[in-house]
Amino acid sequence: MKSKWKKMLIASMACVALTGISATSFAAYSLSSEVKDATPALLQASQIGVRTYNTTDPQLQKAPNKDAILVMSFGTTFPETRAKTIEATVKQIQAAHPNTKVVLAFTSHIIIDRVKANEGISIPTPEEALKQLKAEGYNRVALTSLDIIPGMEYNYKTAVYDIYKTQFKKMTMGTPLMYWMGQEGQRDDVEATMKAIGSQMPQLGKDDAVLIMAHGTPDPANAYYSVMQDRLNALYNGKVMIYTVEGKPNLEDVISKLKAQNIKNVTIMPLMMVAGDHANNDMAGDEPDSHKSILQAEGFNVKTYIHGLGENKDIRQLFTDRADEAWNALEAE
């Protein structure tokens, strides 16, 4: 059964280039000739990895190429961390593509409104950015995401891709920081990311541990955190634990593990692109319900590392690699 399903996916990926429906890359399947006709539903089900749409509109097909990269982030109202993380990553992507227009968009409408009101800076939504690019004559756009996992935020971005792709000659949609897990011969994005944060780790003695605070999501992609913990256990001998603000595992879940290991000293750090409200207040605030205060009340000595992932040069490189993959798919014939 597994072999037949692989072959159906293979066929579906072969058909997409002919139908104007999104193709995929990094899919780890080999072409099979057994399935001659793939249904639209099967084609859509096979859309994994970097997605690519080629128009079937004759007018768009003959138009000269005019390319752009759209970088999409949730955003933050904290200007300092935004400059060190999101904007630094966009600058690195721009430096890798010096002759290409690179645009930043935020998905949080609330953050967009607050940044406009407090700083006078207008940042578009992805939808607004694509409308503006189309108005300026750009007809091939690579979309890239500054998301950590393919959860609800990434779903928003893929929805934008699905809604707007037919308005352009070609559009690609890249993957978030962690997507592949080493399955079917693929690379392991989770392991690479957990290794990249090693540069942030303090020296850990027998009484020490690190807690990494992630966001969490109601999406089934919350299961990525279990995969992260598996890689962390292998890399850091069980001394580094992940928990989430709005998912599972939560802080209470890891406190019991800390006590079981007789941990006395804890460093907490965010697994988020920016060190915004969650990092400064939920994690490191002085209020009684902050994570730092809760841990202190449980008897732990607590240190805080308040830096977003975007400040980590190795993480910025991984995000740049994701943008390059979307760009390479855009350039591919």
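1. As for the pattern of salt bridges
- Applying the stated criterion across every chain yields a total of 20 salt bridges.
- In this structure, Lys 157 and Asp 147 form a salt bridge, with 3.1 Å as the shortest nitrogen-oxygen distance. Pair noted here: Lys 157 is in helix H8 (residues 152–164) and Asp 147 is in the loop between strand S5 (140–145) and H8, with a separation of 10 residues, a long-range link.
- You can call Lys 157 buried: its relative accessible area is 0%.
- Through salt bridges with shared partners, one network takes in Arg 187, Asp 189, Arg 322 and Glu 325.

2. A look at the layout of surface pockets
- Of the voids in this model, the largest pocket is the one considered here, and its volume is about 950 Å³.
- Forming the walls of the largest pocket are 34 residues, and the residues nearest its centre are Phe 74, Gly 75, Glu 153, His 215 and His 278.
- Here the residues of the lining of the largest pocket are counted per class, giving 18 nonpolar, 11 polar and five charged.

3. Digging into helix H7 (residues 126–135)
- Residues Pro 126, Ala 129, Leu 130 and Leu 133 constitute the buried set of H7. All buried residues of H7 lie within an arc of 95° about the axis, which places them on one face of the element. The outward face of H7, more than 90 degrees from its buried face, is lined by the exposed residues Lys 131 and Ala 135.
- Structurally, H7 contributes buried residues whose contacts are with strand S3 (67–73), strand S4 (101–106), S5, H8 and strand S6 (170–173).
- Immediately beyond the C-terminal end of H7, within one or two residues, lies Gly 137, with a positive phi of roughly 95°.

What counts and how
Residues numbered from 1 in each chain as written. Predicted model: local features only at pLDDT ≥ 70, side-chain atom pairs only at ≥ 80, totals over all residues. Heavy atoms only, no water. Salt bridge = Lys/Arg side-chain N within 4 Å of Asp/Glu carboxyl O. Helix = DSSP H or I, 4+ residues; strand = E, 2+ residues; numbered from the N terminus. Buried < 20%, exposed > 50% of the residue type's maximum accessible area, 1.4 Å probe, protein only. 1 Å grid on protein atoms, 1.4 Å probe; cavity = no way out; pocket = protein on both sides within 12 Å on 5 of 7 lines; lining within 4 Å. Points joined across faces, edges and corners; volume = space filled by probe spheres on them. Nonpolar A, V, L, I, M, F, W, Y, C, P; charged D, E, K, R; others polar. Arc of directions from axis to C-beta. Contact = heavy atoms within 4.5 Å.

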